[in-house]
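Residue strings, one per chain:
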Amino acid sequence: MAAAPPTIDDLGELRGRRVLVRSDLNVPLDGDRITDDGRVRASVPTLRTLSERGARVIVVAHLGRPKGAPEAKYSLAPVARRLGELLGDEVAFATDTTGDSARSTVDGLGDGQVAVLENVRFNPGETSKDEGERAAFAEELAALVGPDGAFVSDGFGVVHRKQASVYDVAQLLPHAMGGLVAAEVDVLRRLTEDPQRPYAVVLGGSKVSDKLGVIDNLLGKADRLLIGGGMVFTFLKAQGHEVGTSLLEEDQLDTCREYLARAEASGVQIVLPTDVVVAPRFAADAPPTVVPADAMPSDQIGLDIGPDSAKAFAAALADARTVFWNGPMGVFEFASFAAGTRAVAQALTEIDGLSVVGGGDSAAAVRTLGFEESSFGHISTGGGASLEYLEGKVLPGIDVLKGTNP
Ligand code: ADP
Ligand code: MG
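These figures come from a predicted structure and were not determined experimentally.

Of regular secondary structure, the protein chain possesses 15 helices and 17 strands. Computed over the C-alpha atoms, the radius of gyration of the protein chain is 23 Å, within 12% of the 22 Å expected from 2.2 N^0.38 for a compact globule of 406 residues. Overall, the protein chain is about 70 × 45 × 40 Å in size when its C-alpha atoms are taken along their principal axes. The buried share among the 406 residues of the protein chain stands at 56%. Of the accessible surface of the protein chain, which amounts to about 16,300 Å², a share of 48% is contributed by carbon and sulfur atoms.

Listed below in structure tokens is the structure:
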């Protein structure tokens with residue numbers, strides 16, 4: 001990532017101008033109740049900045065995975081209400097994205113006011129693989145703000161997607177990254193370009209195959225790689241250990257062996273658990289037992305790293321100056337199997353340097369285990385986007401912002 005994209009300051013005077021903002025408001029809902037409003041809260045500062053500068057702010061966002069047509073359960077209406085509460089001001093809501101409701105809602109905005117458009121993924125053009133279809137929908141979005149308008153990209157969770165409201169529309173309007181995207185990009189740079197050392201990476205979560213690219217790229221950058229969670233059993237098996245009924249990706253055994261060998265050859269320290277919390281079945285009330293990592297019973301499933309491992313992981317993080325953590329150490333959703341994740345989270349809060357939590361479930365774990373978000377250097381709002389960046393991939397939604405402003 002060479003030149004940094006323009007920021008909101010580069011857009012010049014905003015008073016009275018319509019600004020289309022791509023935010024990430026994709027929150028978990030239970031009916032129309034938001035169960036974790038983290039992403040809405042993370043979107044507020046940029047919207048407030050634009051509003052304070054007198055812009056007429058039009059928020060475009062998605063919720064869930066509708067199939068290019070309206071579906072009531074994916075309406076952004078509850079999210080618009082929550083956004084209004086957080087902004088402390090009324091937020092207008094358009095019941096379509098670029099139709100009559102959107103046009104009249106936008107026409108009704110005064111300087112500094114904010115509107116939210118209905119779920120952008122109700123429109124097939126948003127995620128179409130057909131460039132022409134996407135471009136046509138992007139034209140509709142751009143038309144809402146008119147020739148004097150601007151586009152602000154602030155939905156970090158979607159910048160790895162080549163979609164109309166993320167990528168194509170940026171080519172049609174003067175554009176900038178919002179404060180959230182700017183902060184995320186800054187942190188990712190610090191994790192990849194000249195990180196402060198020791199640099200430790202902690203990986204967990206359910207699948208090795210999700211994280212192969214990251215391991216591959218960071219093996220050349222990190223000093224220590226700590227592995228826990230469901231993915232660790234493929235590594236333990238690759239070392240020849242019995243893993244019982246734990247998560248296992250047989251087809252990744254060779255890759256894991258190759259990573260272990262490469263780490264050894266390049267002097268990267270790999271830290272694997274020496275003990276594991278196992279249970280007879282995957283359930284919240286299954287009785288937990290701690291066993292050595294090289295002696296797991298064949299009829300038990302590994303659901304967390306053990307207490308000795310939790311201590312060793314914390315020790316391996318204690319003197320680090322840069323830590324990136326993605327993926328819970330165990331099934332933290334079940335109280336009996338949350339201790340490993342809690343220990344790693346606690347260790348991150350005590351680091352003298354940059355601590356970054358990436359990944360939707362990891363961020364949720366930090367919050368549900370009761371940690372203050374402010375005890376971490378950064379909690380990323382975009383799991384997939386952070387991982388793709390750390391794999392060394394180009395993020396289309398960031399890359400497009402470096403293009404010349406039309
Ligand atoms: P993130 O969203 O932070 O990137 P993942 O989606 O990769 O994380 O993984 C999160 C999930 O991994 C959690 O729901 C957690 O319960 C699960 N998990 C962690 N350890 C294990 C394990 N030992 N067995 C099964 N699932 C696990
Ligand atoms: Mg996840």
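Before going further, it helps to spend a moment on a positive patch on the surface. Together, R65, K67, K73, K129 and R161 make up a region of like positive charge exposed at the surface. Mapping K67 onto the fold places it in the loop between β4 (56-60) and α2 (77-87). Exposure remark for K67: the relative accessible area of 74% places this residue in the exposed category.

We now examine the sheet that holds strand β13 (residues 289-292). Spatial strand order, β13-β12-β14: three strands in an open sheet with antiparallel pairing. A strand with exactly one partner marks an edge of an open sheet, and here the two such strands are β13 and β14 (301-305). Each adjacent strand pair in this sheet contributes to an overall mean axis angle of 45°, direction not counted.

Further remarks concern the pattern of salt bridges. Under the definition given, this model contains 26 salt bridges. One salt bridge connects D168 with R134, and the closest N-O pair in it is separated by 2.7 Å. Taken together, the residues span a long stretch of sequence, with D168 in helix α6 (residues 164-168) and R134 in helix α5 (residues 131-145) at a distance of 34 residues. Like R134, D168 is buried. Where D254 meets R257, a salt bridge forms, and the shortest distance between an N and an O atom there is 2.7 Å. Here R257 and D254 lie together in helix α10 (residues 253-266), a separation of three residues that amounts to about one turn. Take D254: its relative accessible area is 57%, and that puts it in the exposed class.

This brings us to the sheet that holds strand β8 (residues 175-177). Within the open sheet, the six strands sit side by side as β5-β6-β4-β1-β7-β8. Their pairing is parallel. Only two strands of the sheet have a single neighbouring strand rather than two, namely β5 (91-94) and β8. Pairs of neighbouring strands in the sheet enclose a mean axial angle of 25°, with direction left out of account. When strand β1 (residues 18-22) meets strand β7 (residues 150-153), the two strands line up parallel, connected through four bridges. Within β7, the position partnered with V19 by the bridge is A150. Packed onto the sheet, helix α1 (residues 38-52) meets β1, β4, β6 (114-117) and β7 and runs at close to 155° relative to β4.

Here the focus is the packing of helix α11 (residues 307-318) against helix α12 (residues 339-349). Orientation of α11 relative to α12, taken along the N-to-C sense of each, is 20°, at an axis distance of 9 Å. Classified by the interaxial angle, the pair formed by α11 and α12 is roughly parallel. Of the two possible hands of crossing, α11 and α12 adopt the one that is right-handed. Of the residues in α12, those touching α11 at A310, F313, A314 and L317 are G340, A343, V344, A347 and L348.

A few words now on the packing of aromatic side chains. Counted according to the given criterion, the structure contains two aromatic pairs. Aromatic pair F282 and F334: ring centres 5.2 Å apart, planes at 65°, arrangement edge-to-face. Of the two residues, F282 sits in the loop between β12 (275-279) and β13 while F334 sits in the loop between β15 (322-326) and α12, which places them 52 residues apart along the sequence. When its relative accessible area of 16% is taken as the criterion, F334 is described as buried. For the ring pair F371 and F376, a centre distance of 6.1 Å and an interplane angle of 70° mean the geometry is edge-to-face. With respect to burial, F371 and F376 carry one shared label: buried.

Conventions and cut-offs
- Residues numbered from 1 in each chain as written.
- Chains lettered and ligands numbered in written order.
- Predicted model: local features only at pLDDT ≥ 70, side-chain atom pairs only at ≥ 80, totals over all residues.
- Heavy atoms only, no water.
- Helix = DSSP H or I, 4+ residues; strand = E, 2+ residues; numbered from the N terminus.
- Rg over C-alpha atoms; globule rule 2.2 N^0.38 Å.
- Buried < 20%, exposed > 50% of the residue type's maximum accessible area, 1.4 Å probe, protein only.
- Areas by Shrake-Rupley, 256 points an atom, 1.4 Å probe, with all protein chains shown as cover.
- Patch = residues over 30% accessible without salt bridge, like charges linked within 9 Å, V, L, I, M, F, W, Y side chains within 5 Å.
- Salt bridge = Lys/Arg side-chain N within 4 Å of Asp/Glu carboxyl O.
- Lys, Arg positive; Asp, Glu negative; His and termini not counted.
- Charge placed at Lys NZ, Arg CZ, Asp CG, Glu CD.
- Pairing = 2+ DSSP bridges.
- Axes fitted to C-alpha atoms, helices over the stretch in contact; angles between N-to-C directions.
- Contact = heavy atoms within 4.5 Å.
- Parallel < 35°, antiparallel > 145°, perpendicular 65-115°, else oblique.
- Left-handed = near helix turned anticlockwise from the far one by under 90°.
- Phe/Tyr/Trp six-rings, centres within 6.5 Å; stacked < 30°, edge-to-face > 60°.

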